[in-house]
Amino acid sequence: MLIVFEGADATGKQTQAEMLARKLANEGINTTLIDFPDYNSVYGRMIKEYLKTGKKPVEETLLLYLIDQYAKKETIENKSKNGVVICDRYWYSNLAHQVVRPGGEKLKQWIINCASQMPKPDLVFLTYLNAKTSEMLMREKEKDSHELNIEYQIKVREKYLEVAQEMGWTILHCVKNGALRPPEDIHEEVIKKVREKM
């Protein structure tokens with residue numbers, strides 16, 4: 001089984017991915033957690049350098065992300081056969097983060113075609129949080145070039161919602177009645193969906 005968490009920066013996707021991985025592992029389920037990008041890989045290190053400046057052409061950036069993801073293809077295929085693989089981000093991030101950059105919209109179908117050989121997830125969760133709340137949560141964090149660009153962050157959130165609705169993802173609204181939902185509350189929603197699918 002392959003489960004993916006997507007979302008803009010500081011929306012809680014890493015927290016939810018880790019909580020689910022712990023829960024399933026504690027139940028004796030063979031669970032593998034994979035983060036994208038993999039900053040320890042050759043391509044991940046190149047992506048990290050790009051994020052400091054944000055100055056690579058969109059096509060070059062896309063290729064780096066896609067190669068980094070394809071490098072884990074075999075691991076995802078093998079581990080998901082007899083267990084659960086949970087990805088904190090997947091190739092869908094390219095649709096949100098890169099398509100909103102200048103010249104990126106024309107590459108949408110190309111991204112989908114390039115990623116067509118990647119394993120298809122059984123479940124995709126979008127952690128959704130408005131830009132203002134995310135910005136407050138990121139205040140203490142050292143930010144990269146994308147995280148510093150508020151206009152870009154707003155566009156990414158809008159694109160994520162669009163993609164989620166197109167592809168039938170489960171949208172996890174992280175704010176309820178004007179207040180941030182506790183991670184445990186969101187986790188219960190995640191677990192319910194996972195149980196239905198297993």
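Figured I'd write up the structure that's included with this text. Along each chain, numbering runs from 1 in the same order as the chain's sequence is written. Residue-level local features of this predicted model are given only where pLDDT is at least 70; pairs of side-chain atoms are given and counted only at 80 or more, and the full residue set underlies all totals for whole chains, interfaces and linings. Excluded from the side-chain calculation are hydrogens and water; included are all heavy atoms of the structure.

**Remarks on helix α9 (residues 150-167)**
Cut-off, in case you're wondering: The helix count covers DSSP runs of H or I at least four residues long, the strand count covers runs of E at least two residues long, and both are numbered beginning at the N terminus. The length a helix should cover is 1.5 Å for every residue beyond the first. Burial classes: relative accessible area under 20% of the type maximum marks a residue as buried, over 50% as exposed, and values in between as partly exposed (1.4 Å probe, protein chains only).
With 18 residues, α9 extends 26 Å from end C-alpha to end C-alpha; this agrees with the ideal 26 Å at 1.5 Å per step. Looking at α9, one finds that the buried residues are Y152, Q153, V156, R157, K159, Y160, L161, V163 and A164. Among the residues trailing α9, G168 stands out with phi positive, at a value near 75°.

**Details of the sheet that holds strand β4 (residues 123-128)**
The line we're drawing: By definition, two strands form a pair when at least two bridges between them are found by DSSP. Under this scheme, a helix contributes an axis fitted over its contacting stretch, all axes are lines through C-alpha atoms, and angles between N-to-C directions fall in the 0 to 180 degree range. Contacts between residues were defined by any pair of non-hydrogen atoms, one from each residue, lying within 4.5 Å.
One open sheet holds the five strands; their spatial order is β2-β3-β1-β4-β5, and the pairing between them is parallel. Both edges of this open sheet fall to β2 (31-35) and β5 (170-173), since each of them pairs with a single strand only. Each strand axis lies, on average, 20° off the axis of its neighbour in the sheet, ignoring direction. Where β4 meets β5, four bridges bridge the pair, whose relative direction is parallel. What sits directly across from Y128, in β5, is H173. Contacts from helix α1 (residues 13-26) reach β1 (2-6), β2, β3 (84-88) and β4, with the element oriented near 165° to β3.

**Focus on the nonpolar core**
This is how the line gets drawn: Here the nonpolar core consists of buried residues drawn from Ala, Val, Leu, Ile, Met, Phe, Trp, Tyr and Cys, with membership extended through side-chain atoms lying within 4.5 Å.
Formed by 30 residues in total, the largest nonpolar core has its most connected members in I76, C87, Y90, W91, Y92 and W169. Elements with a contribution of two residues or more to this core: β1, α3 (58-70), β3, α5 (92-97), β4 and α9. Considering each element in turn, this core owes the most residues, six residues, to α9. I3, L20, L24 and V190 belong to the second largest nonpolar core, which has 18 residues in total.

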